[in-house]
Amino acid sequence: MKESEIKLRVILDNENIPEKIYWDATEKEGNGEEETKSVSLNIWDHNSQNTLRIDLWNKEMPIDEMKRFYVDCLGGLAQSILNSTGDEFMSTAMNRLCDKLVKHLEEEAKNGGPK
């Protein structure tokens with residue numbers, strides 16, 4: 001049986017706010033930890049029928065990148081729902097929302113940032 005491992009390491013300041021976030025995985029390209037500014041982890045708890053979430057970002061994560069990160073996450077979920085269930089309606093609806101959000105972010109950028 002094959003085994004795969006994903007590791008997260010978070011360095012916190014004295015107020016428990018992430019300063020640095022590192023990740024590594026046995027299946028990723030390249031060796032060793034890599035630094036990231038944000039991570040979002042969702043785990044399905046089948047016993048309580050809900051999702052456990054961990055969302056972390058460091059002090060250096062700009063707001064515009066954070067918004068793009070979540071739009072990218074949503075787009076990835078749209079592809080995952082299609083791959084795992086074949087539900088084209090849900091996937092298409094999620095991708096339409098992503099398109100709408102991308103336009104919103106483009107408008108924000110054009111107008112100098114969030115209002």
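Each remark here, short or long, concerns the structure printed above.
Here we summarise the structure given alongside this text. Residue numbering note: each chain is counted from 1, following its sequence as written. In view of the model being predicted, local features appear only for residues whose pLDDT reaches at least 70, and side-chain atom pairs are presented and counted only at 80 or more, with totals across whole chains, interfaces and linings using the full set of residues. Hydrogen atoms and water are omitted, and side-chain values are computed over all heavy atoms in the structure.

## Focus: helix α2 (residues 88-110)
Then, in step 1: Each helix is a run of DSSP H or I of at least 4 residues and each strand a run of E of at least 2, with the numbering of both proceeding from the N terminus. One fewer than the residue count of a helix, multiplied by 1.5 Å, yields its expected span. With 23 residues, α2 ought to run about 33 Å at 1.5 Å a step, and its terminal C-alpha atoms sit 33 Å apart, in line with that.
Then, in step 2: Three exposure classes are used, based on accessible area relative to the maximum for each residue type with a 1.4 Å probe and protein chains only: buried under 20%, partly exposed in between, and exposed over 50%. Among all positions of α2, only S91, M94, C98, L105 and E108 are buried.
Then, in step 3: Any two residues whose heavy atoms approach within 4.5 Å are treated as being in contact. Next to the buried residues of α2 lie α1 (63-85).
Then, in step 4: Two or three places before F89, at the start of α2, stands the capping residue D87, its side-chain oxygen 3.1 Å from that residue's backbone nitrogen.
Then, in step 5: Taken from the residues just after α2, G112 is the one with a positive phi, measuring 90°. Pairing of N or O atoms within 3.5 Å defines a polar contact, subject to two protein rules: one partner must be a possible hydrogen donor and the other a possible acceptor, and residues neighboring in sequence count only if both atoms are side-chain atoms.

## Quick word on the packing of α1 against α2
Then, in step 1: α2 packs onto α1 with a crossing angle of 165° between their chain directions and a minimal axis gap of 8 Å. Classified by the angle their axes make, α1 and α2 are roughly antiparallel. Handedness of the α1/α2 crossing: left-handed. Where α1 approaches α2, its residues K67, R68, V71, L74, G75, L77, A78, Q79, I81 and L82 are matched on the opposing element by E88, M90, S91, M94, N95, L97, C98, L101, V102, L105 and E108.
Then, in step 2: Taken together, the residues of the contact of α1 with α2 sort by class into 13 nonpolar, four polar and four charged. Fitted lines through C-alpha atoms serve as axes, helices being fitted only where they are in contact, and the angles separating the N-to-C directions of these axes extend from 0 to 180 degrees. For classification, angles of less than 35 degrees are called roughly parallel, those exceeding 145 degrees roughly antiparallel, those between 65 and 115 degrees roughly perpendicular, and all remaining angles oblique. The sense of a crossing depends on the near helix, which, turned anticlockwise from the far helix by less than a right angle, makes the crossing left-handed and, turned clockwise, makes it right-handed. Residue type decides the class: Asp, Glu, Lys and Arg count as charged, Ala, Val, Leu, Ile, Met, Phe, Trp, Tyr, Cys and Pro as nonpolar, and the leftover types, Gly among them, as polar.

## Here's the deal with α1
Then, in step 1: In this model α1 runs 33 Å from its N-terminal to its C-terminal C-alpha over 23 residues, within 8% of the 33 Å that 1.5 Å per residue would give.
Then, in step 2: Those residues of α1 hidden inside the fold are in contact with β4 (38-45), β5 (50-57) and α2.
Then, in step 3: One or two positions beyond α1, positive phi appears at G86, with a value near 75°.

## Examining the nonpolar core
Then, in step 1: Take the buried Ala, Val, Leu, Ile, Met, Phe, Trp, Tyr and Cys residues and link them wherever side-chain atoms come within 4.5 Å; each set so joined is a nonpolar core. Counting seven residues, the largest nonpolar core consists of V71, L74, A78, I81, M94, C98 and L105.
Then, in step 2: Contributing elements (two or more residues each) for this core: α1 and α2.
Then, in step 3: The leading source of residues in this core is α1, at four residues.
Then, in step 4: Sequence-distant contacts of C98, that is, excluding residues within four places in its chain, are made with V71, L74 and G75.

## Quick look at the sheet that holds strand β1 (residues 6-12)
Pairing between sheet strands relies on hydrogen bonds along the backbone, with the strands arranged either parallel or antiparallel.
Then, in step 1: We call two strands paired when DSSP finds no fewer than two bridges between them. As summarised here, the arrangement of the three strands in space is β1-β2-β3, forming an open sheet in which the pairing is antiparallel. Each of the sheet's edge strands pairs with one partner strand only, and the pair in question is β1 and β3 (34-36). Across the sheet, the mean angle separating the axes of adjacent strands is 30° when strand polarity is ignored.
Then, in step 2: Alignment of strand β2 (residues 18-25) against β3, held across three bridges, turns out to be antiparallel. Bridge pairing in β3 links W23 to E34.

## Thoughts on the side chain of D13
Then, in step 1: Mapped onto the secondary structure, D13 falls in the loop between β1 and β2.
Then, in step 2: A distance of 2.8 Å separates the side chain of D13 from the backbone nitrogen of E15, its partner in a polar contact.
Then, in step 3: One polar contact links D13 to K59, side chain to side chain, over a distance of 2.6 Å.
Then, in step 4: Ignoring sequence-local partners within four residues, the contact set of D13 consists of E19 and K59.

None of the figures reported here should be taken as evidence of function without further support.
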